[in-house]
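Read off the chains here:
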Amino acid sequence: MIVKKNLRLDLILHYTRWDLLYYLSLSVTVTALHEHVGVVVFEIPDFTIAALSVALAIFLGFKNNHAYDRWWEARKTWGLMVNYSRAWARQCLTLIFADDATNDPQVQALQQRLIYRHLGFVNALRVFLRQRLPYRKRGEEPYETRNEYEDVKRFVSDAEYDDLMNAQNPPNYLIQKQGEDLLTAFKKGWLSDYRFMRMDKTLVDFNDIQGISERIKMTPLPRQYTFYSRVFVFIHCTLLPMVFVSDLGWKTVPVAFAVSFVFHVLDLIGERTEDPFENRLEDMPLSALSLSIESNLREQLAQPASQIPAPFQEKHGIVM
């Protein structure tokens, strides 16, 4: 997620350079043919581009609004993950106890196992969501962060980690193990009926968070919006120098280039915002949120400061 107000020029050029090079070359070619060769076939009436500009602006606004809705829903969902994670740790520490109210080592071990496994679930879901889908291939990204299930290993047992790596849905596997441990605690008398149901409800909340995240990940914005917006921007920007050249002459080059840049960037913003779990610089800062949850839960376990990780550090105004 970009947190710095000003974007770096090298990042802008990284994503726009080839398209901008095409628009610049086209403007220069059309102007040169008109001014020095006298080719008039490139002259197009002004009203054609005016009508197309209005329609394209409306179309891009519609697409970008829906793309931002998807991004914001993802952020709200992971905001709930942070809140419910804190609640889960508190429930593990205050609702699970032996009837004699003693500090039973088995109870304490269960409490820590449930909290640690939840940290494994958070990181497993992060990795699961950031895996690249076959139909979402992309070029090289200047910023990506670590995204491996190896990060889960320190929170679960070796046997659970092996089973997790063989599971089709690793986060769901860990939720299942959480439910099984709650059932064990209930059978041993460490949880009453009400406390068992209350903690199970929190697990359902985590299932909901995972389900919403998977829906956003697996269901892209309808492809026709992305495809046609790209086609319409290409047509619009290709026609621009042909409309301006008769009135502006060589001024067509900077003017057409500037207008093309605006429309191209508007289209690119929507395209890169609509998928918030792709481990790109504009996406959800899942690594930072996972680290924040780990810090909170370790603090609730009263662990020493040396074991509490520092906040995720931004790099060049970007938090991953």
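Summary of the structure given here.

Rules and cut-offs
Residues numbered from 1 in each chain as written. Predicted model: local features only at pLDDT ≥ 70, side-chain atom pairs only at ≥ 80, totals over all residues. Heavy atoms only, no water. Helix = DSSP H or I, 4+ residues; strand = E, 2+ residues; numbered from the N terminus. Rg over C-alpha atoms; globule rule 2.2 N^0.38 Å. Buried < 20%, exposed > 50% of the residue type's maximum accessible area, 1.4 Å probe, protein only. Areas by Shrake-Rupley, 256 points an atom, 1.4 Å probe, with all protein chains shown as cover. Lys, Arg positive; Asp, Glu negative; His and termini not counted. Charge placed at Lys NZ, Arg CZ, Asp CG, Glu CD. Phe/Tyr/Trp six-rings, centres within 6.5 Å; stacked < 30°, edge-to-face > 60°. Salt bridge = Lys/Arg side-chain N within 4 Å of Asp/Glu carboxyl O. Axes fitted to C-alpha atoms, helices over the stretch in contact; angles between N-to-C directions. Parallel < 35°, antiparallel > 145°, perpendicular 65-115°, else oblique. Left-handed = near helix turned anticlockwise from the far one by under 90°. Contact = heavy atoms within 4.5 Å. Nonpolar A, V, L, I, M, F, W, Y, C, P; charged D, E, K, R; others polar. Polar contact = N/O pair within 3.5 Å; in protein donor to acceptor, adjacent residues only side chain to side chain. Arc of directions from axis to C-beta.

Turning to the overall build of the protein, a few remarks are in order. Along the backbone of the protein there are nine helices and zero strands. Each helix and strand of the protein, placed in order from N terminus to C terminus, yields the pattern α-α-α-α-α-α-α-α-α. What you see for the protein is a C-alpha radius of gyration of 27 Å, clearly larger than the 20 Å of a compact globule of 320 residues, by over 25%. With respect to the principal axes defined by its C-alpha atoms, the protein has extents near 95 × 35 × 30 Å. Scored against the burial criterion, the 320 residues of the protein give a buried share of 44%. Total accessible area on the protein is roughly 16500 Å²; 60% of this is exposed by carbon and sulfur atoms. Across the protein, the mean location of the 36 positive side-chain charges is 2 Å away from that of the 38 negative side-chain charges.

This model, assessed by the stated rule, comprises 13 aromatic pairs. Ring geometry for Phe59 against Tyr225: centres 6.2 Å apart, planes inclined by 40 degrees, an arrangement best described as tilted. Pair noted here: Phe59 is in helix α2 (residues 46-94) and Tyr225 is in helix α7 (residues 223-248), with a separation of 166 residues, a long-range link. Where Phe186 meets Phe196, the ring centres are 5.2 Å apart and the plane angle is 35 degrees; that geometry is what we call tilted. With Phe186 in helix α5 (residues 170-187) and Phe196 in helix α6 (residues 193-218), this residue pair connects regions lying 10 residues apart in the sequence.

In this section: the pattern of salt bridges. All told, the structure shown has 16 salt bridges when counted by the stated rule. Where Arg8 meets Asp10, a salt bridge forms, and the shortest distance between an N and an O atom there is 2.5 Å. Given a relative accessible area of 40%, Asp10 falls into the partly exposed group. Linked by salt bridges that have partners in common, Arg113, Arg117, Glu160 and Asp181 make up one network.

Let us now look at the packing of α2 against helix α3 (residues 105-130). One can describe the packing of α2 onto α3 by two numbers: an axis separation of 8 Å at closest approach and a directional angle of 165 degrees. Between α2 and α3, the interaxial angle falls into the category roughly antiparallel. The way α2 lies across α3 gives a crossing that is right-handed. Contacts from Trp78, Met81, Ser85, Trp88, Ala89, Cys92 and Leu93 in α2 reach Gln111, Leu114, Ile115, His118, Phe121, Val122, Leu125, Arg126 and Leu129 in α3. Class assignment for the residues of the contact of α2 with α3 results in 12 nonpolar, three polar and one charged.

The next point concerns the environment of Lys76. Residue position: Lys76 is located in helix α2. Placed 16 residues apart in sequence, Lys76 and Leu60 show a C-alpha to C-alpha distance of 24 Å.

The interhelical angle for the contact between helix α1 (residues 9-37) and α7, taken along N-to-C directions, is 30 degrees, at an axis separation of 9 Å. With respect to α7, the element α1 is oriented roughly parallel. As α1 packs across α7, the resulting crossing turns out to be right-handed. Contacts between α1 and α7 involve Tyr22, Tyr23, Leu26, Ser27, Val30, Thr31, His34 and Glu35 on the former and, on the latter, Val233, Phe234, Cys237, Thr238, Pro241, Met242, Val245 and Ser246. Here the contact of α1 with α7 is built from residues that sort into 10 nonpolar, five polar and one charged.

Mapping Arg298 onto the fold places it in helix α9 (residues 286-300). Within the structure, the side chain of Arg298 is placed 3.1 Å from the side chain of Tyr116, a separation counted as a polar contact. Residues in contact with Arg298, not counting those within four places in the same chain, are Tyr116, Arg154, Phe155, Gln303, Gln307, Ile308 and Pro309.

Moving on, we come to helix α4 (residues 158-166). All of the buried residues along α4 are Glu160, Tyr161 and Leu164. The buried residues of α4 occupy an angular sector of 100 degrees when projected down its axis, which confines them to one face. Exposed residues lying more than 90 degrees from the buried face of α4 are Asp158 and Asn166. Contacts made by the buried residues of α4 are with α3 and α5.

On to unusual backbone geometry. Its identity is not glycine, yet Asn279 carries a phi of approximately 60 degrees, on the positive side. With respect to the helices, strands and loops of the structure, Asn279 is situated in the loop between α8 (252-273) and α9. Given the relative accessible area of 4%, Asn279 is considered buried. In this structure, Ala302 takes a positive phi of about 60 degrees despite not being glycine. Taking the relative accessible area as the measure of exposure, Ala302 reaches 65% and is therefore exposed.

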